[in-house]
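Summary of the model geometry
One-letter residues, chain by chain:
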Amino acid sequence: MRAKSNALSQGFIRCHDCGYLVKTAERLSSCPRCDSHLHARHPHSLQRSTALLLSSFLLYIPANIFPIMIVNQFGAGEPNTIAGGIVELIDSGMIPIGMLVLVASILVPSSKLIGISLLLLCAHFRWQVNARRWTTMYRIIAFVGRWSMLDIFMISILVDLVNFSGVQIIAGPAATAFAAVVILTMFAAEHFDPRLLWDNQQNL
Amino acid sequence: MNRSPDYHACPECDLLLKPALPNVGEKAHCPRCGLLLLRPHKQSIERTFALSIAGFILFFPANLLPMVGISMMGNANTGILFSGVLALFNDGMEAVAVVVFLASILFPLLHISLSLLISGHLYFNRANRYLVHWMRWMHHLDEWVMLEVYMLSIIVACVKLMSIAQLKFGWGLYAFVALIIINTLLTSGLDEELFWERITQLRNRKNNAS
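Residues numbered from 1 in each chain as written. Chains lettered and ligands numbered in written order. Predicted model: local features only at pLDDT ≥ 70, side-chain atom pairs only at ≥ 80, totals over all residues.

Topic: the overall build of chain A
Rules: Strands are runs of DSSP state E lasting at least 2 residues, helices are runs of H or I lasting at least 4, and numbering of each runs from the N terminus. The globule rule is 2.2 Å times the number of residues to the power 0.38, and the radius of gyration it is compared with is taken over C-alpha atoms. Any residue whose C-beta has 12 or fewer other C-beta atoms within 10 Å is treated as exposed, any with 20 or more as buried, and any in between as partly exposed, C-beta atoms being built from the backbone. Here the contact rule is simple: place C-beta atoms from the backbone, and any two residues whose C-beta atoms are within 7 Å are in contact.
Within chain A one finds seven helices and five strands. Counting from the amino terminus, chain A carries its helices and strands in the arrangement β-β-α-β-β-α-α-α-α-β-α-α. Relative to its length of 204 residues, chain A is extended, with a C-alpha radius of gyration of 22 Å against a globular reference of 17 Å. The proportion of buried residues among the 204 residues of chain A is 45%. Once local pairs closer than 6 in sequence are excluded, the contacts in chain A between residues at least 24 apart make up 63%.

Things to note about the overall build of chain B
Each helix and strand counted, chain B has seven helices and seven strands in total. Mapped from its N terminus to its C terminus, chain B presents α and β elements in the order β-β-β-β-α-β-β-α-α-α-α-β-α-α. The C-alpha radius of gyration computed for chain B amounts to 21 Å, which surpasses the reference 17 Å derived for 210 residues by more than 25%, pointing to a less compact arrangement than a globule. Dimensions of chain B along its principal axes, counting C-alpha atoms only, are 70 × 45 × 35 Å.

A few points about the interface of chain B and chain A
With 54 residues of chain B at the contact, the number on the chain A side is 50 residues. Elements with a contribution of two residues or more to the side of chain B that touches chain A: β1 (8-9), β5 (68-72), β6 (75-79), α2 (81-90), α3 (94-123), α4 (131-141), α5 (147-162) and α7 (192-209) of chain B. It is α5 of chain B that provides the largest number of residues to the side of chain B that touches chain A, a total of nine residues.

A word on the domain arrangement of chain A
When the parts come together, some accessible area is lost, and that loss is often what is quoted as the size of the interface. Inclusion rule: In this entry, domain limits derive from an automatic or database-based domain assignment.
Its domain assignment divides chain A into domain 1 (1-40) and domain 2 (44-199). Once you take the C-alpha centre of each, domain 1 of chain A and domain 2 of chain A turn out to be 34 Å apart.

Considering the domain arrangement of chain B
Residue and element names in this part refer to chain B. Counted only if it meets this: Each residue gets one of three labels, nonpolar for Ala, Val, Leu, Ile, Met, Phe, Trp, Tyr, Cys and Pro, charged for Asp, Glu, Lys and Arg, and polar for the others, Gly among them.
Domain boundaries assigned for chain B yield domain 1 (1-40) and domain 2 (43-209). For domain 1 and domain 2, the distance between their C-alpha centroids amounts to 29 Å. Counting residues at the interface gives four residues for domain 1, matched by six residues for domain 2. A class-by-class count of the residues in the side of domain 1 that touches domain 2 yields two nonpolar, two polar and no charged.

Some remarks on the sheet that holds β6 of chain B
All names here are of chain B. Filter applied, for reference: We treat two strands as partners when DSSP finds at least two bridges between them. Axis definition: a line fit to C-alpha positions, over the contact stretch in the case of helices; interaxial angles, taken between N-to-C directions, run 0 to 180 degrees.
Across the sheet, three strands lie side by side as β6-β5-β7; this open sheet has antiparallel pairing. Two strands in the sheet have a free side with no partner beyond their single neighbour: β6 and β7 (166-169). Along the sheet, successive strands turn relative to each other by an average axial angle of 20°, direction set aside. Pairing geometry for β5 and β7, over four bridges, is antiparallel. When the sheet's bridge partners are listed, Ser 71 is paired in β7 with Gln 166.

Some words on the sheet that holds strand β5 (residues 167-171) of chain A
All names here are of chain A. In space, the three strands of this open sheet follow the order β4-β3-β5, with antiparallel pairing throughout. Looking at strand neighbours, the two that pair on one side only are β4 (76-80) and β5, the edges of this open sheet. Ignoring strand direction, the axes of neighbouring strands in this sheet form an average angle of 20°. Pairing geometry for strand β3 (residues 69-73) and β4, over five bridges, is antiparallel. Among the inter-strand pairings, Asn 72 is bridged to a residue of β4, identified as Gly 77.

What to know about the nonpolar core
Note the threshold: We define a nonpolar core as a collection of buried residues of the types Ala, Val, Leu, Ile, Met, Phe, Trp, Tyr and Cys that are connected via C-beta atoms lying within 7 Å of each other.
Of all hydrophobic cores here, the largest spans 111 residues; its most connected members are Ile 152, Leu 158, Ala 175 and Phe 178 of chain A together with Val 96 of chain B. The element contributing the most residues to this core is helix α6 (residues 174-191) of chain A, with 13 residues. Not counting chain neighbours up to four residues away, the residues in contact with Phe 178 of chain A comprise Ala 63, Ile 68, Ile 82, Asp 151 and Ile 152 of chain A.

Brief notes about the environment of Trp 134 of chain A
Residues and elements named next belong to chain A. Along the chain, Trp 134 turns up in helix α4 (residues 131-144). Taking the number of C-beta atoms within 10 Å as the measure of exposure, Trp 134 has 21 and is therefore buried. As a C-alpha pair, Trp 134 and Trp 198 span 64 residues in sequence and 9.6 Å in three-dimensional space. Other than its neighbours up to four places away in sequence, Trp 134 contacts Leu 119, Cys 122, Val 129 and Leu 197.

Below you can see the structure in the form of structure tokens.
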């Protein structure tokens, strides 16, 4: 059941790359304006997005358990997890910066994982929802994703700058896992097609 | 086939729409899902061309001059974008190093070069069969250019280090800030619909001439 006002149900396909509208009846496989492949919806949107999301759920565990960086001071190593780094920042009185890191590296990734799961469930089970609100949620998820790279960039700066004979900062195993989570969730959001939310609404 | 289309569709809710023709300074939103569809800018091609040149030039000082210097217990060290990548690589974090390299150095450079190439061709009315491919690459790269995220990480890293070491900001950092400002103006002022229309025009003219 597709909503009547959708371009697809009226015989048009919108090119993903340049936005050109092509009549379905013309049976073109590529866009006349930009030559990219034409698909009415992202191909295998739900399957691909689910696969990427499940992998990031798995990687999210090591990303939070293992140390993300290790501070070596005169031979004694002090491991730091993501949460530990934030607690340290807040303890030393840098509350605004601590909050910023808390949002970027804990709240954003976890709410992204939950948000994409909800979107996938909604599209799969054809829940009758306020599609406008859900599309807004999708838009927020797609927008904030990249900001979680903050922690990864910060580690690259710290590892580079603090490299003296007495004190060293070394990247820990969680860094790889965390970077993978951020990138996989970005891909998951990119592969999710918000138009599926609208296709499933019967009362439009 | 190459006439301008009679209809548009919203990319996020697929609502079939008559093309809105907002004036400069006006915005067109999708009436059903609220997505910002069009926001035409004044002289988008000229501005994109000018900003791309400036961004391309600034890219080099931002990457080559020292950004942050640190001194601690008599030792001193300076860092640039690439030295951070190298440090991660030497720590055995090859995957993370590659990601940082792509998001903070290679993709920004590619993005600026592509927008310089495209806007340059459009500005001088030159057709090129690769224009279409460049536009598509630029469109996909957009999300992976993370300069402003990197800027925030510099701030957080500096706050962390402030209490234990002396920090000094170099010219590289100022060039980097300027590059971010230019990059933001560039991406927000780029009118993709206008660019596509002009590319199609150029291609048709070339086909008719030959």
